[in-house]
Amino acid sequence: MQNKGLIKLFALLFGLVSIYQLSYTFVTSKVEKEANTFAASRISESEEGYIAKREAAAASYLDSIGNNPVFGYTNYNEAKKKELNKGLDLKGGINVTLQISIKDILKGLANNTKSPIFNKALADADAAASNSDDTYIDLFFEAFDNIKGDTKLASPDIFANKGLSDEINFQMSDDEVKPIIRRKIDESIVSAFEVLRERIDGFGVTQPNIQREGNSGRILVELPGARDIARAQDLLSSTAQLEFWETYKQSNTSFSTFLIQANEKLKTIVEVKQPEQVKEESELDSLLSDVSADSLDLATQVNPLYELLIPANPGSNAMFRAAIKDTATIGSYLRMPEIRRLLPADIQFTKFVWERPSSEDTEVIDLYALKSNREGTPRISGDVVSDARADFDQFSKPAVSMTMNTKGAKEWEKLTGDAYTNQTGIAIVLDNKVYTAPGVSSGPISGGRSEITGDFTVNETKDISNVLRAGKLPASAEIIQSEIVGPSLGQEAIDSGFMSFLIAFVIVLLWMIGYYGKAGVFADIALMLNILLIFGVLTSLNAVLTLPGIAGIVLTLGMSVDANVLIFERIKEELAKGKGKSQAVADGFCNELSSILDANITTGLTAVILFIFGSGPIKGFATTLLIGIITSLFTAIFITRLLIDWYISGKGRSLDFSTGITKNLFKGINVDFLKKRKIAYVISGILIAVGLFSLLAGPGLQKGVDFIGGRSYTVRFENPVNPSEITSELNTVFGSGTNVKTYGESNQVKITTPYKVDVEGIEVDTEIQDKLYTSLQKYLPDGFSKEAFVLGGVDDEAVGILASVKVGPTIADDIQKNAFLAILGSLLVVFLYILIRFRRWQFSLGAVTAVFHDVLIVLGVFSIFGKLMPFNMEIDQAFIAAILTVIGYSLNDTVVVFDRIRETLAERGWKGGSNINYAINTTLSRTLNTSLTTLVVLLAIFIFGGESLRGFMFAMIVGVLVGTYSSVFIATPVMFDALSKKITSGNAKPSTEVE
């Protein structure tokens, strides 16, 4: 081997850089352990809410020592930025895909026009969007073109308005306007992206990730380690629409007139049930008892509004009060056109807005009547706010201080002057909720400074000031996909992932020594360096390590021995030919290089496809697999070679590349594989037929929420539970379609429901969590709160929702499409590579046929055994990753066989196919050795890697078994049959030229 000195230097530097990169992870781990120890010494377990208090104490400790030197070359704050990133499944947190509403942006660009053509085009685009893969803007333009008649996009009441007058004029054609609108939409999405990034920066999590997904209007946000999930969701989906309104006075008699008329009208159009008797005394009971003696004799009449509304507190600027549970009903009444028409002329444009509940325990909130106009616009909008910060009011309670720009200061002075004169209040409304509505007691307020007060926590004031500084989103942002993992489940994933990694690592090390003796030791040294390099590269690239990523590394352990196995087996062949040790080693490495490169390139191509079409953890799997392939090639080809050359160069040293047990293993084998191909065809045909019958006419595949949409929750209880019993109970709450199955231990279940799958918004998530908590309460510990249930427990014994996934139907369709494209793309790419590499389509045909064979059998197994196995076998993105990896592995094995066949045919000729049998027999030890090693590694992950990986690993175990079989009994026979017809017909090259 040439340039040994250069390779040694490169390997040394590569290793040192990897150690240096990983040292930051060691530093953060050390300091955080010290912080946790400090917090535990300060906060006793006997204190209420001790876990939250310890977290706060640890965070305070880290803040205080963040810039202190550690080991003389870094500090905690710097190391935290450079440590190995952990994904959600290892660290806990939230991953969401936000859909920025293109419809809202279009309406804003059109200045909220009332144009019937424009609004009809929006409605048609909405209808088409549910069944189309086209972007919303394309659907809108298509719908507009279909109904526009003589109307143009550049009409004064559409896009040729004052706001766009600098770019769009009345004379422009639709084709000229469309690119401008597309650019404006893209600018709005970029603006939303920047707003969200500023908000996230102020949220306080380390290593957040935010990225756009092409031109789809989707933004991916990942907040690893985020504990307060509800706070994170509010921060991301809040539009930050800040408004200032003047309120009406309680004494305004027009509202009394309106209330009487509305109540009477509602009697004729709605059916109202008599209220149930309230058993427990509460704030709501007390308020209701105060108004029980009403002049309208409410006890004997059915009064839709009077029964729900409560007089507001005297002196407040609210108009009424109501129970939170009744707000939706009251709101629907007040929005009815026939009720709105009853508003007297002096209050006909009134805007009714509810108060923001101060806490989860709040039962009653205020309803405000705000002075509005025909357009429904506020007196002042939030875009006049130039700065905002978390502060404390005069009573030392958390508040938000705001400063307005010059324009806002003038408008604020006029608004406060009007409120003072009219003795009304000023409602501060954020995202359509009244946060506070103070009166003005000392005349107009100049200077543009104001304050938002209320029952806030410090975190709430930080978030409100954060979103006000960052600005409002240009359009609403809906969470169309989310994944939430609790910290306890993340720690369990780390533990199980590390255990599977350690066991698989030890197995591979022992296997190589047991099979190849001293040579196996050198392979193990190279393998250990390989692991160091993988983690070093991951850290330096700022890549994210996920649980599937750990699986990818562990799989790399199994596959990395493949190169060493190929080399060692070839060296043994060269030694058997009578060559000297040095020459045999040189020829072994040289002659097997082609097979090693072919095998790894085909696997790498499928990993690239996986990386392109995958998302989240699947990208993590593909990333580690790609890095592992590259580092494995380097360590196997160069490092192992350096060690072996060093050893055999010493005097009196013996290196046999085998042990006493394995020395004569697989020698003398002469199986006529081609003769048995028809039997193999029949067996495979039967297996595929049974699988297809199960897929098409039988139970079929169990699609996860990734492919059908819906919500999935991993819930843990104190004691074992019966999934069938829980299914029955939840189906009465959510309707049919809810599925419950044991997930891991008998006290843990996975609940999947399509309930309100088409409805977006945090409100629906909260509603489902409420229903789950209520329905499952009897299985929870006594006194277990809803907050503890949603957060997965508040102590070390994690109970409740440990993880949740939500996938909207639109994104589920996209995932299905991407999965199909990924599989199709990988087959096409590999077909072309093999065609180019082997220069015969018959080789490509054999390889792709074997891959189709393997995929169909894996799908059939999952269809037949999907409901029988005691672990999750749903078809999700992880399963697609497994299928693609199976494709890569199957091709890896097939290419090794094909490479030996090509070499044998070039040396020995065709001879009726007998030399193909010879080639297969000579590769049998390689095939079985690599397959068994990989299989043992996969079994280690399957058993010890945690529940979330079991279905994924099972697919790969089946794939490895079938792939090993198909490379010998399907790929080679199909290639032989196709090639033999060409040769016997006289259209092939002479046998000695077959490549």
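Residues numbered from 1 in each chain as written. Predicted model: local features only at pLDDT ≥ 70, side-chain atom pairs only at ≥ 80, totals over all residues. Heavy atoms only, no water.

Caption draft 1: Highlighting the overall build of the chain. Counting its secondary structure elements, the chain contains 30 helices and 23 strands. Put simply, the chain has 995 residues, and 53% of those count as buried. Sequence separation of 24 or more characterises 74% of the internal contacts of the chain that already satisfy a separation of 6 or more. Accessible area of the chain: about 44,900 Å², with a carbon and sulfur share of 56%. (Helix = DSSP H or I, 4+ residues; strand = E, 2+ residues; numbered from the N terminus. Buried < 20%, exposed > 50% of the residue type's maximum accessible area, 1.4 Å probe, protein only. Contact = heavy atoms within 4.5 Å. Areas by Shrake-Rupley, 256 points an atom, 1.4 Å probe, with all protein chains shown as cover.)

Caption draft 2: Focus on the sheet that holds strand 8 (residues 309-311). Pairing is antiparallel in the open sheet, where four strands are placed in the order 8-9-11-10. Every other strand in the sheet has two partners, leaving strand 8 and strand 10 (351-354) as the edge strands with one partner each. Looking at each pair of strands side by side, their axes are set apart by 35° on average, direction ignored. Of the pairings in the sheet, the one linking strand 8 to strand 9 (residues 320-323) comprises three bridges and is antiparallel in character. Each bridged residue has a counterpart across the sheet, and for Pro311 the counterpart in strand 9 is Phe320. Along the sheet, helix 12 (residues 327-335) makes contact with strand 8, strand 9, strand 10 and strand 11 (364-370), crossing strand 10 at roughly 175°. (Pairing = 2+ DSSP bridges. Axes fitted to C-alpha atoms, helices over the stretch in contact; angles between N-to-C directions.)

Caption draft 3: Molecular detail of the pairing of strand 14 (residues 398-404). Most of strand 14 is tucked away: six of the seven residues are buried. Two elements, strand 13 (residues 385-392) and strand 14, share seven bridges in a ladder whose sense is antiparallel. Each residue of the ladder has a partner; that of Ala390, found in strand 14, is Val400.

Caption draft 4: Quick look at helix 27 (residues 841-865). Compared with the 36 Å implied by 1.5 Å per residue over 25 residues, the 36 Å span of helix 27 between its first and last C-alpha is a close match. Within helix 27, 18 of the 25 residues are buried, leaving the element largely enclosed by the surrounding structure. (Expected span 1.5 Å × (residues − 1).)

Caption draft 5: Spotlight on the packing of aromatic side chains. Counted according to the given criterion, the structure contains 30 aromatic pairs. Plain terms: the ring middles of Phe140 and Phe144 are 6.2 Å apart, the flat faces sit at 35° to each other, and that makes the pair tilted. Taken together, the residues span about one helical turn, with Phe140 and Phe144 both in helix 7 (residues 136-147) at a distance of four residues. Residue class for Phe140 comes out buried when judged on its relative accessible area of 0%. Residue classification places Phe144 among the buried positions, given a relative accessible area of 0%. A ring pair is formed by Phe255 and Phe352, whose centres lie 6.4 Å apart and whose planes are at 80°; its orientation type is edge-to-face. Residue Phe255 is found in helix 10 (residues 253-269), and its partner Phe352 is found in strand 10; the two are separated by 97 residues along the sequence. Each member of the pair, Phe255 as well as Phe352, is classed as buried. (Phe/Tyr/Trp six-rings, centres within 6.5 Å; stacked < 30°, edge-to-face > 60°.)

Caption draft 6: Representation of the sheet that holds strand 7 (residues 242-246) within the structure. Within the open sheet, the four strands sit side by side as 12-7-15-16. Their pairing is antiparallel. Of all the strands in the sheet, just strand 12 (380-381) and strand 16 (433-436) have a single pairing partner and so form its edges. Pairing of strand 7 with strand 15 (residues 426-430), which is carried by five bridges, proceeds in the antiparallel orientation. Directly across from Glu246, in strand 15, lies its bridge partner Ile426.

Caption draft 7: Representation of the side chain of Asn303. Along the chain, the position of Asn303 falls in the loop between helix 11 (283-290) and strand 8. A distance of 3.0 Å separates polar atoms of two side chains, one belonging to Asn303 and the other to Asn263. (Polar contact = N/O pair within 3.5 Å; in protein donor to acceptor, adjacent residues only side chain to side chain.)

Caption draft 8: Examining the nonpolar core more closely. Within the largest apolar cluster, 123 residues are counted, with the highest numbers of intra-cluster contacts made by Phe568, Ile644, Ile834, Phe879, Ile916, Phe952 and Met953. Ranked by residue count, the leading element in this core is helix 30 (residues 950-984), at 16 residues. The contacts of Met953, once residues within four sequence positions are left out, are Ala551, Leu938, Ile941 and Phe942. In this structure, Ala110, Ala121, Ile158 and Phe193 belong to the second largest nonpolar core, which totals 46 residues. (Core = buried A, V, L, I, M, F, W, Y, C linked by side-chain atoms within 4.5 Å.)

Caption draft 9: Here's a closer look at the packing of helix 5 (residues 102-109) against helix 7. As a packed pair, helix 5 and helix 7 sit with axes 9 Å apart at the nearest point and diverge in direction by 55°. Taken together, helix 5 and helix 7 sit at an angle that is classed as oblique. The element helix 5 and its partner helix 7 pack so that their crossing is right-handed. On the side of helix 5, the interface is formed by Ile102, Lys103 and Leu106, while helix 7 contributes Tyr136, Ile137 and Phe140. Of the residues assigned to the contact of helix 5 with helix 7, the class counts are five nonpolar, no polar and one charged. (Parallel < 35°, antiparallel > 145°, perpendicular 65-115°, else oblique. Left-handed = near helix turned anticlockwise from the far one by under 90°. Nonpolar A, V, L, I, M, F, W, Y, C, P; charged D, E, K, R; others polar.)

Caption draft 10: Molecular detail of unusual backbone geometry. Even without being glycine, Asn111 reaches a positive phi, approximately 60°. By the secondary structure assignment, Asn111 is in the loop between helix 5 and helix 6 (116-129).

Caption draft 11: Structural detail: the environment of Val790. Locating Val790 in the fold gives a position in helix 25 (residues 786-790). Using a relative accessible area of 25% as the deciding quantity, one classes Val790 as partly exposed. Residues Val790 and Thr766 lie 24 residues apart in sequence; the distance between their C-alpha atoms is 9.5 Å. Dropping the residues within four chain positions of it, Val790 is found in contact with Gln769 and Ile801.

Caption draft 12: Layout of a nonpolar patch on the surface. On the surface, Leu6, Leu9, Leu12, Leu13, Leu16 and Ile19 cluster together into a nonpolar patch covering about 590 Å² of accessible area. Positionally, Ile19 belongs in helix 1 (residues 4-42). For Ile19, a relative accessible area of 47% puts it in the partly exposed group. (Patch = residues over 30% accessible without salt bridge, like charges linked within 9 Å, V, L, I, M, F, W, Y side chains within 5 Å. Salt bridge = Lys/Arg side-chain N within 4 Å of Asp/Glu carboxyl O.)

Caption draft 13: Quick peek at the side chain of Asn263. Residue placement: Asn263 occurs in helix 10. Here Asn263 falls in the buried class, since its relative accessible area comes to 0%. From its side chain, Asn263 meets the backbone nitrogen of Tyr306 in a polar contact 3.4 Å long. If near-sequence neighbours (up to four positions away) are discounted, Asn263 is found in contact with Asn303, Pro304, Leu305 and Tyr306.

Caption draft 14: How the structure looks around the pairing of strand 20 (residues 710-716). Across the seven residues that make up strand 20, a large majority, seven, are buried. Along strand 20, one buried face is formed by Gly710, Ser712, Thr714 and Arg716 and the opposite face, lined by Arg711, Tyr713 and Val715, is buried too. The sheet contact formed by strand 20 and strand 23 (residues 800-807) spans seven bridges and is antiparallel. Within strand 23, the residue paired with Arg716 across the bridge is Gly800. As defined by bridge partners, strand 20 adjoins strand 22 (residues 745-753) across six bridges and the pair is classed as antiparallel. Across the sheet, residue Arg716 finds its bridge partner in strand 22, namely Gln748.

Caption draft 15: Just the confidence of the model for the chain, in detail. Per-residue confidence for the chain averages 80 on the pLDDT scale, and 87% of its residues sit at or above 70. Predicted confidence in the chain is weakest over helix 11, with a mean pLDDT of 50, and strongest over strand 10, with 92. Under a pLDDT of 50 for its full length, residues 990-995 has, in the predicted model, 15 contacts with residues more than four places off or in other chains. (pLDDT = per-residue confidence, 0-100.)

Caption draft 16: Structural view of the pattern of salt bridges. A complete count under the given rule lists 35 salt bridges for this structure. Between Lys30 and Glu34 there is a salt bridge whose closest N-O contact spans 2.8 Å. Of the two residues, Lys30 and Glu34 are both situated in helix 1; the distance of four residues between them amounts to about one turn of the helix. Put simply, Asp418 and Lys414 hold a salt bridge, and the shortest N to O gap is 3.5 Å. Here the residue Asp418 and the residue Lys414 both occupy positions in helix 14 (residues 406-422), the gap between them amounting to four residues, near one helical turn. By relative accessible area, which is 22% here, Asp418 ends up partly exposed. Through salt bridges with shared partners, one network takes in Arg570, Glu573, Glu574, Lys577, Lys579, Asp587, Glu592, Arg900 and Glu903.

Caption draft 17: Main features of helix 23 (residues 723-734). Here helix 23 is twelve residues long and its end C-alpha atoms lie 16 Å apart, about the 16 Å a rise of 1.5 Å per residue gives. Taken residue by residue, helix 23 has Pro723, Ile726, Thr727, Glu729, Leu730 and Phe734 as its buried positions. Among the residues trailing helix 23, Gly735 stands out with phi positive, at a value near 85°.

Caption draft 18: Region of interest: the packing of helix 19 (residues 581-613) against helix 28 (residues 877-908). Between helix 19 and helix 28, the shortest axis-to-axis distance is 8 Å and the interhelical angle comes to 160°. Classified by the interaxial angle, the pair formed by helix 19 and helix 28 is roughly antiparallel. The two elements helix 19 and helix 28 meet at a crossing, and its hand is right-handed. Where helix 19 abuts helix 28, its residues Glu592, Ser594, Ser595, Asp598, Ala599, Thr602, Thr603, Thr606 and Leu610 lie against Ala881, Leu884, Ile887, Gly888, Leu891, Asn892, Val895, Val896, Asp899, Arg900 and Arg902. Among the residues making up the contact of helix 19 with helix 28, the classes are represented as eight nonpolar, seven polar and five charged.

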